[in-house]
Every structure is written in C-alpha cells, then in structure tokens.
Amino acid sequence: MIDKQPRARLDTRYSDGTAAVADWSEALKILVGAELFWISTVRPDGHPHVTPLPAVWSGGALHFCTGPQERKARNLAANPHVVLTTGVNTWNEGYDLVVEGEAVRVVDDGRLRELAAAWEGKYGEFWRFEVRNGGFQHGAGHAFVFSVAPRTVFGFGKGEPFSQTRWRFD
C-alpha cells in the first residue's frame, strides 16, 4: 500500500508569522524513525489511559501490539478510538506528532509475518515475534496486533518558528 497524501493546513492561531505548512514527507520520516510512542485510550468508565510503547509504520498506518488482558487492549475492545504521540520533551526545539485514528486488530497471518519482520528490523532481535493464533507470540506471552490508519495528524514545530500543521486523511 502506498502512503496516502493528506490535505495539510497551517493553523495560524498557533504558528509564528514566518511559519509554513510542514511537509508530510518530513512528518512521515519522524513516524518511521521514532522508537517510542505514547498511546492514549479510553477506559470503559470514560477515564483516559496513557502508556508508552514501540510501534512501526507500515502500509500507511502505525502498528502496535499488546497482550489481550492489558488495559489498552481491554479499552480498545469497547472503544477503538486512539491517539498515538511521539516527539521530544523539549520546549524550544524538535517536532512533535499526534496521530488520531481507530485501532483495528490485524489477524491475517501473512500481514502479521510482515509486521513481525518490521518489528525485528526496527528494534532488533529482542523484538522477534512468531505468528500464532492471530497475533504475536513472544516467549510465553501472546499479543494482539493493532493497526491505526491516521484520520488526522497534528505536527508541532518547536523553536523558531513555532508552528502547528494539521494533516487530514480521506
């Protein structure tokens, strides 16, 4: 699947006068290279749940895995809306991204094998997964794999110039 080209808009309310719309290809490089993401899900009682995790970009979407009994998997069973964020924790430099979408479970063995290879390629041998029972197997643990195709992505340029770009996907 070829990565979609989103519609982009600079939000001038939150951008310096010299800022320009950020290029999606640059945002995509950040998503591909980021080692750590923060995932936000919603608990059944409506309260938020946030936790860090690794993720891989493949086929126009971010992918992550989690054990079936973990809080985020249980939250997603009731509400698939999710936000994944990545960036740097500095105020005056770097670029942050916020990816909004719906988490869809991946169960196709062929696709899971591709994603397992992507995890190992990005994170090394520790992240070697076997594909079994519609998910990843790692030692004694079983994990569901989810795909999040972006609906909206926000990019926050920090430093000179500060900027906020919004990309929308059809």
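A. Quick look at the overall build of the chain. Across its full length, the chain holds 3 helices and 11 strands. Traced from its N-terminal end to its C-terminal end, the chain shows the element sequence β-α-β-β-β-β-α-β-β-α-β-β-β-β. For a compact globule of 170 residues, the expected C-alpha radius of gyration is about 15 Å, and the chain comes in at 17 Å, within 12% of that figure. For the chain, the spread of C-alpha atoms along the three principal axes comes to 55 × 35 × 30 Å. For the chain, the proportion of contacts with a sequence separation of at least 24, taken over those separated by at least 6, is 63%. Element-wise, carbon and sulfur atoms account for 53% of the exposed surface of the chain, whose accessible area totals about 9200 Å². The centroid of the 19 positive side-chain charges in the chain is displaced by 6 Å from the centroid of its 20 negative side-chain charges.

B. How the structure looks around helix 2 (residues 71–78). Considered for burial, the residues of helix 2 that qualify are Lys72, Ala73, Asn75 and Leu76. One face of helix 2 carries all of its buried residues, which in axial projection span an arc of 160 degrees. For helix 2, exposure combined with an orientation more than 90 degrees from the buried face picks out Ala77 and Ala78. In this fold, the buried residues of helix 2 make contact with strand 2 (37–42), strand 3 (48–53), strand 5 (61–66), strand 6 (81–86), strand 7 (95–106) and strand 10 (141–157).

C. Quick peek at the pattern of salt bridges. Counting across every chain of the model gives 9 salt bridges. In this structure, Arg132 and Glu130 form a salt bridge, with 2.6 Å as the shortest nitrogen-oxygen distance. Arg132 gets classed as partly exposed once you look at its relative accessible area, which sits at 38%.

D. Structural view of the layout of surface pockets. A volume near 160 Å³ is recorded for the largest pocket. Together, 13 residues line the largest pocket, and Cys65, Glu70, Phe129, His138 and Ala143 are the ones closest to its centre. Where the lining of the largest pocket is concerned, the elements lending two or more residues are strand 5, strand 9 (135–138) and strand 10. Sorting elements by how many residues they give to the lining of the largest pocket places strand 10 first, with 3 residues.

E. Structural view of the nonpolar core. Core analysis: the largest hydrophobic core is formed by 26 residues, its most contacted members being Trp24, Leu31, Phe37, Leu62, Phe64, Leu84 and Trp167. When residues of this core are traced back to their parent elements, those giving at least two are helix 1 (24–33), strand 2, strand 5, strand 6, strand 7 and strand 10. One finds Cys65, Val106, Leu112 and Val145 within the second-largest nonpolar core, a separate group that totals 12 residues.

F. Spatial organisation of the side chain of Thr51. Take Thr51: it is sitting in strand 3. With relative accessibility at 18%, the residue Thr51 sits in the buried group.

G. Spatial organisation of the packing of aromatic side chains. Here the structure, examined in full by the defined rule, presents 12 aromatic pairs. Between Phe144 and Phe146 the ring centres are 6.5 Å apart and the planes differ by 75 degrees, which places this aromatic pair in the edge-to-face class. The same class applies to Phe144 as to Phe146, namely buried. An aromatic cluster is built from Trp119, Tyr123, Phe126, Trp127, Phe129 and Phe136, whose rings are joined through pairwise contacts.

Here is what the cut-offs are and how they apply
Residues numbered from 1 in each chain as written. Predicted model: local features only at pLDDT ≥ 70, side-chain atom pairs only at ≥ 80, totals over all residues. Heavy atoms only, no water. Helix = DSSP H or I, 4+ residues; strand = E, 2+ residues; numbered from the N terminus. Rg over C-alpha atoms; globule rule 2.2 N^0.38 Å. Contact = heavy atoms within 4.5 Å. Areas by Shrake-Rupley, 256 points an atom, 1.4 Å probe, with all protein chains shown as cover. Lys, Arg positive; Asp, Glu negative; His and termini not counted. Charge placed at Lys NZ, Arg CZ, Asp CG, Glu CD. Buried < 20%, exposed > 50% of the residue type's maximum accessible area, 1.4 Å probe, protein only. Arc of directions from axis to C-beta. Salt bridge = Lys/Arg side-chain N within 4 Å of Asp/Glu carboxyl O. 1 Å grid on protein atoms, 1.4 Å probe; cavity = no way out; pocket = protein on both sides within 12 Å on 5 of 7 lines; lining within 4 Å. Points joined across faces, edges and corners; volume = space filled by probe spheres on them. Core = buried A, V, L, I, M, F, W, Y, C linked by side-chain atoms within 4.5 Å. Phe/Tyr/Trp six-rings, centres within 6.5 Å; stacked < 30°, edge-to-face > 60°.

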